[in-house]
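# Coordinate analysis (summary)
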Amino acid sequence: MDNRKLKIGIYELTGCAGDALMILNCEKELLDIFQAVDIQSFLMAKSDNIEGELDVALVEGSVTTEKEIEELKDIRQRSRIVVALGLCATVGGIQARFQNPQEWQEHFRKVYGDTSMELKATVSKPIDAYVKVDFYLPGCPISKEQFLHFFTRIVKGTPPEEYPRPVCVTCKYKENDCLLKRGLLCLGPLTSDGCGAVCPSHNLPCVGCWGPVKGGNWTSEFYLLKEKGFDVEAIRKRMANYSGAKISEFFKQLDRRD
Amino acid sequence: MKKITIDHLPRVEGNGGITALIDGQTVAEVKFYINEGPRLIERLVIGRTPEEDVSLTPRICAICTVSHKLAAVRAMENALQLTVPSKTNLLRELMHMGEMIESHSLHIYYLALPDYLGYPNAIAMASEYEFEVKIALEMKNFANHIMKVINGRFVHGENTVIGGFGKWPSRDELLWIKSRAIQFMPFVLKTVDLFCTLNYPDIPEAETLYACCLPPDDKFGFWGEEILVSNGDHLFRDDYRQLTNEFVVPHSYARRSRYQGQPYSVGALARINNLGERLESEAGRMFRKYFNEHWKKNPLYNNAAQALEILYCFERIPQLVDEILETDDFPEIVPYEAREGKGTGLVEAPRGLLIHHYALEDGLVKEADIITPTAQNAEDIERYGVIAAQTLLDQGKEEAIRDRLDILVRAYDPCISCSVHLAEVRKVEDNNWQKRLQEIKSQKSPLFIGIGNPNEGDDAAGPVLIASLKELGYPALLASELKEKELPQRLNSEEILIFVDAVNAGKKPGEIVLIPLLSVLHSSTLSHRFIPFIPHQMSYSQLKNSYVLGIQPKQLKHRSQLSAEVRQALHKITEILKN
């Protein structure tokens, strides 16, 4: 590898800008980040942005307009590596709840009426619905520690590690009381780790905001919660809140068994 | 026609833009738009529990996440008729200070200051202003730490719940926050001096209305049960709709608001204008030292107001910690039993008034209404945009428009995630009056009003066109007839007014322009001609809905005829309106 600085672009599609903000929240490391790599484009932080060939594009937000589809395809075309940053980019975000176009249209009309909008909106999708994604960094928003580990690996040219563990693993390390045992609707077993099990560590059930963990046993959790007396509809709703467009496969599993 | 477009405004939170359309010597329109798509948050909380709602809605915005959490929790607690111990409110207030300092310091030092010092970004600024850049980062880091300690995480923390907190911070953690806040005071005072003495340009300047929460007990603060408008009006929280009558514009997924037909501003400048007299100690002293008439009418002073609020927060933090630690108890989460109810929560987000309103039925959210500050500011941003662009154009400084619009939008500290990025200048040469006239015609029925003297050559364009429009069956009249007609009645209607006149727009004789009345009124060269004809009763909405259809005259000699060019132009207009 030569000593040329990697060219990086940080992009925001539709979302809360929380993942870009988390990068700016690396206060102590920020000047080093800007020195270690060549940040070509980062709209939230600078105005002299250059849109050209990139080594790594970090994309946050979900795709919700036709213009964003075009922008995303353009980013993919000029980037060696594309990373989905945060829950919106990885699963479509909380706004990806309405995947059925008719249902989405109905809700859309209730908010915006019949005004013909200049920017054509579409059903919210994760970025891998339109382009190939090389790495995923989940979280709502991403965690600083997780981002810095990831970023260091990328700068050194090593593939970043994946996070195939559920929140429960960290909960065990922290010796937290199991909230499921206490009868709370906790989504820890189904949710990607990386937050540091922050909610259970505050005596609060995991809401699922890192998105579905790979290999999570949804069916088992569903029946466990049902046995504990939770309403079936309430469980499905809770599971759907932060799973975005990727919930349907789990519900298919469930429906096959029912 | 030239178009100045800032497509992706840099150094703001989110993705938005601003466009100014310039036609000859007038600004045809300024649009503040949001590039982000719809997220339908108010729809996806329907049918969810109050707990799920207060977890989901803060995801609207990363930088105002704590304010969203507090507005949602307050609305729910009002709906559920739940009262929390005053100690819980003190800890919430301390957490809110964290967000104010974090957001304001990020904005003034990293997003806005490069504008005034001439750098593309804060990192480039670091070589010369290393001390400021580094300490400001530490300040931001400290503010994030406050939110993490209390809310569980920098962004989208979940520790704040309906009825209280999942876990209370320890005494040591709170005492550390207090001592660290005191250490920052010298830098905070320097920050106020720096941002209150920056050379803010005096364009744009114009009066506006300011709205904010009215904090209880004559104190300064960031929450209340009432909204205070700078004209003296007080609105109880549940009557918020009187202020925020939202409507949709085609160029933005953020719904807009006007108060009694007027655009208004919210944010740090609104709070300082409305409540600055209430500031005490150092913040009060600094307010009296720096506040002046410009703060009341120049949105760029928002940066100074934010610096003043940072000082207020740093003085309030040690007091809050002391008040919290007065007793040793850590209140448990207050449970609730209610399953029905309606409630509104008012909170000041860093960039202004934030409102959450919910109706609950059978323990689930039935209705949700969320009104964000940037969506409320959008109308005033456009109005100030017109004023700034037109004033610069009149001074022959067209090249300065783009940068000024950029700085203007940024001064508002728009949080586009909340409402849904910023500006670049693009110029296009197309005068598309035909298309726009057809659009207006297809939307609503316009009333044409002719201005001009039938005996002075091309000045007769207005009256001549009115006569032929009357023949075509259009509602049309002469400005001289205006006063006797049933004007008040017409002005209450949703009618679009189109003033027809010979207009010197620096074009070839017979060329036609269609420009909003609002720009004409802010133009020093054209306004004197139109103002006598504009009925005083017109509200801002009507002004914004009105246009000037202008024809470039060839000659205006007394007792002469219409020129062939203007005659042809009138023919073109009637042809379009015939179909």
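Per chain, the residues get numbers from 1 upward, laid out in the order the sequence is written. To label them, take the chains in the order written and letter them from A, then take the ligands in the order written and number them from 1. Reporting of local features is limited, given that this is a predicted model, to residues whose pLDDT is at least 70; pairs of side-chain atoms are given and counted only at 80 or more, and all residues count toward the totals for whole chains, interfaces and linings.

### Structural notes on the interface of chain A and chain B
Quick note on the threshold: Each residue is represented by a C-beta atom placed from its backbone, and any two residues with such atoms within 7 Å are regarded as in contact. Note on conventions: DSSP H or I runs of at least 4 residues are helices, E runs of at least 2 residues are strands, and numbering of each starts at the N terminus. Polar here means any residue other than Ala, Val, Leu, Ile, Met, Phe, Trp, Tyr, Cys and Pro, which are nonpolar, and Asp, Glu, Lys and Arg, which are charged; Gly is therefore polar.
Contacts between the two partners involve 53 residues from chain A, matched on the other side by 49 residues from chain B. Of all the elements in the fold, those that place two or more residues in the side of chain A that touches chain B are α1 (18–24), α2 (27–36), β4 (63–65), α5 (101–112), α8 (198–201) and α10 (232–240) of chain A. Looking at side-chain class alone, the side of chain A that touches chain B contains 26 nonpolar, 16 polar and eleven charged residues.

### Some points on helix α9 (residues 281–290) of chain B
All names here are of chain B. Rule in force here: Residue burial is a threshold on neighbouring C-beta atoms within 10 Å of the residue's own C-beta, all placed from the backbone, with 20 or more meaning buried, 12 or fewer meaning exposed, and counts in between meaning partly exposed. The arc under discussion is defined with respect to the helix axis, by the directions toward the C-beta atoms.
Considered for burial, the residues of α9 that qualify are A283, M286, F287 and Y290. All buried residues of α9 project into a common sector of 105° when viewed along the axis, lining one side. Residues of α9 that are exposed and angled more than 90 degrees away from the buried face: S281, R288 and K289. The inward-facing, buried residues of α9 abut α7 (171–196) and α10 (302–324).

### Observations regarding the packing of α9 of chain B against α10 of chain B
Residue and element names in this part refer to chain B. The condition that has to hold: Helix axes are fitted only over the stretch in contact, all axes being lines through C-alpha atoms; the angle between N-to-C directions runs from 0 to 180 degrees. Put simply, angles under 35 degrees are roughly parallel, angles over 145 are roughly antiparallel, angles from 65 to 115 are roughly perpendicular, and the rest are oblique. In this scheme, a crossing is called left-handed if the near helix is turned counterclockwise away from the far one by less than a right angle; it is called right-handed if the turn is clockwise.
Here α9 crosses α10 at 160°, and the two axes come no closer than 8 Å. It follows that α9 is roughly antiparallel to α10 by the angle criterion. Pair α9 / α10 crosses with right-handed handedness. Counted together, S281, E282, A283, M286, F287 and Y290 of α9 and A304, L308, L311, Y312 and E315 of α10 form the full contact between these two elements. Partitioned by chemical class, the residues of the contact of α9 with α10 number eight nonpolar, one polar and two charged.

### A look at the pairing of strand β7 (residues 226–229) of chain B
All names here are of chain B. Test applied: A strand pair is defined by DSSP finding two or more bridges across the two strands.
Pairing between strand β6 (residues 209–214) and β7: four bridges, direction antiparallel. Paired with A211 across the bridge in β7 is V229. Summarising the sheet, β7 and strand β8 (residues 234–236) pair through three bridges and their orientation is antiparallel. Paired with E226 across the strands is F236, a residue of β8. Between β7 and β8, which pair antiparallel in sequence order, lie four residues; one of them, G232, sits at a positive phi of approximately 105°.

### Quick notes on α5 of chain A
Our working definition: By this rule, a helix spans an expected 1.5 Å times one less than how many residues it contains.
Look at α5 of chain A: 16 Å from first C-alpha to last across twelve residues, which is about the 16 Å you get at 1.5 Å a residue. Count one or two residues on from α5 of chain A and you reach G113 of chain A, which has phi positive near 65°.

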